[in-house]
Amino acid sequence: MAGKPKLHYFDARGRMEAIRWLLAAAGVEFEEKLLESSEDLDKLRHVFQQVPMVEIDGMKLVQTRAILNYIATKYDLYGKDMKERALTDMYTEGVADLGEMILLLPQCPPDQKNAKLTLIRERTTNRYLPACEKVLKSHGQDHMVGNKLSKADIHLVELLYYVEELDSSLLANFPLLKGLKTKVSNLPAVKKFLQPGSQRKPLGTEKTLEQARKIFKF
């Protein structure tokens, strides 16, 4: 019997959090090996000299999208055919575009932060969330693709939690997205992941950013 996937990253959301979400939603238990120093990173580095790295099924995988696609395929969260996989990828990449803006916000210079926040709010309410709301409205189904849970739903719901942390009022005009968030959040595996004490990481702090700078030397 294969062991649990082992996730190598530091103790923060970063680019590993989407992987944690996807594994959790699939009901897969995983272990974490947390980096604490640049020396830990140097010892670990594998292909392309980077993390996140996930040990799974005898492989050491890097590149976040490759990891996510493997997990989604393995646990039937990637559509039933090529067309559904293409749609799943399209929606997932759109979600990732906004997620990247939010992820990098803490690194924004203080004198640029307000402008960046304004841009994120504008893109959230005028581009990304309306597009996803329109998808759900257009087919009248409970999920983004194929009326079945996929990684597109999971990544979208993860993003909605981040948007809510930023400004809960940003979700006010998107009832179908709020419904999807509730539905996915109530899945037993996801509900467990959302509970205090789980492997879900909290909102980053200045201390988290300093730790990242120490490990990754930026």
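Residues numbered from 1 in each chain as written. Predicted model: local features only at pLDDT ≥ 70, side-chain atom pairs only at ≥ 80, totals over all residues. Heavy atoms only, no water.

So, on to the packing of helix H1 (residues 17-25) against helix H6 (residues 151-166). Axis separation between H1 and H6 bottoms out at 10 Å; the angle between their running directions is 125 degrees. What the angle tells us is that H1 and H6 run oblique. In the packing of H1 onto H6, the handedness of the crossing is right-handed. Contacts between H1 and H6 involve Glu17, Ala18, Trp21, Leu22 and Ala25 from the first element and Lys151, Ile154, His155, Val157, Glu158, Tyr161 and Tyr162 from the second. (Axes fitted to C-alpha atoms, helices over the stretch in contact; angles between N-to-C directions. Helix = DSSP H or I, 4+ residues; strand = E, 2+ residues; numbered from the N terminus. Parallel < 35°, antiparallel > 145°, perpendicular 65-115°, else oblique. Left-handed = near helix turned anticlockwise from the far one by under 90°. Contact = heavy atoms within 4.5 Å.)

Bringing the pairing of strand S3 (residues 53-56) into the picture now. Where strand S1 (residues 6-10) lies against S3, 3 bridges are found, and the strand directions are antiparallel. In the sheet register, lysine 6 faces S3, and the bridge partner there is glutamate 55. Here S3 pairs with strand S4 (residues 59-62) via 4 bridges, running antiparallel. Within S4, the position partnered with glutamate 55 by the bridge is lysine 60. (Pairing = 2+ DSSP bridges.)

Before going further, it helps to examine the pattern of salt bridges. Under the counting rule described, the total for this entry stands at 19 salt bridges. When the shortest N-O distance is used, the salt bridge between arginine 20 and glutamate 17 registers 2.6 Å. Residue arginine 20 and its partner glutamate 17 are located together in helix H1, separated by 3 residues, close to a single helical turn. Close ionic contact of glutamate 122 with arginine 123 constitutes a salt bridge, the shortest N to O distance being 3.6 Å. (Salt bridge = Lys/Arg side-chain N within 4 Å of Asp/Glu carboxyl O.)

With that settled, the discussion passes to the domain arrangement of the protein. When the domains of the protein are assigned, the result is domain 1 (6-75 + 193-216) and domain 2 (82-186). The straight-line distance from the C-alpha centre of domain 1 to that of domain 2 is 21 Å. In this complex, domain 1 contributes 16 residues to the contact, which on the side of domain 2 involves 16 residues. Counting each side, the surface lost to burial between domain 1 and domain 2 is near 1,400 Å², with a carbon and sulfur contribution of 61%. (Domains from an automatic or database assignment. Buried area = accessible area lost by both parts, 1.4 Å probe.)

Below, the discussion takes up the side chain of threonine 92. Relative to the helices and strands, threonine 92 is located in helix H4 (residues 82-104). When neighbours within four sequence positions are excluded, threonine 92 is seen to be in contact with Lys151, Ala152 and His155.

Spanning 30 residues, helix H5 (residues 110-139) covers 43 Å between terminal C-alpha atoms, matching the ideal 44 Å at 1.5 Å per step. Where H5 bends most, the angle comes to about 45 degrees, and this point is threonine 124. Looking at the buried side of H5, the elements it contacts are H4, H6 and helix H7 (175-185). (Expected span 1.5 Å × (residues − 1). Bend = angle between axes of the 7 residues up to and from the residue.)

On to the packing of H5 against H6, then. Close contact between H5 and H6 brings their axes to 12 Å; oriented N to C, the two are set at 145 degrees. Read as a crossing pair, H5 and H6 show a hand that is left-handed. Residues Leu117, Ile120, Arg121, Thr124, Leu129 and Cys132 of H5 form the contact with H6, whose participating residues are Leu156, Leu160, Val163 and Leu166.

Under the counting rule described, the total for this entry stands at 5 aromatic pairs. With a centroid separation of 5.1 Å and an interplanar angle of 50 degrees, the aromatic rings of tyrosine 9 and phenylalanine 10 are classed as tilted. Between phenylalanine 10 and phenylalanine 216 the ring centres are 5.5 Å apart and the planes differ by 75 degrees, which places this aromatic pair in the edge-to-face class. A residue pair is termed long-range when its members are at least 10 positions apart, and phenylalanine 10 in strand S1 and phenylalanine 216 in helix H9 (residues 206-216) qualify at 206 residues. The class for phenylalanine 216 is partly exposed, based on a relative accessible area of 27%. Among the aromatic residues, those joined into a cluster by ring pairs are Tyr9, Phe10 and Phe216. Here the guanidinium or amino end of lysine 151 rests over the ring plane of tyrosine 78, the centre of that ring lying 5.1 Å away. We note arginine 200 situated over the ring of tyrosine 161; from NZ or CZ to the ring centre the distance is 5.2 Å. (Phe/Tyr/Trp six-rings, centres within 6.5 Å; stacked < 30°, edge-to-face > 60°. Buried < 20%, exposed > 50% of the residue type's maximum accessible area, 1.4 Å probe, protein only. Lys NZ or Arg CZ within 6 Å of the ring centre and 35° of its normal.)

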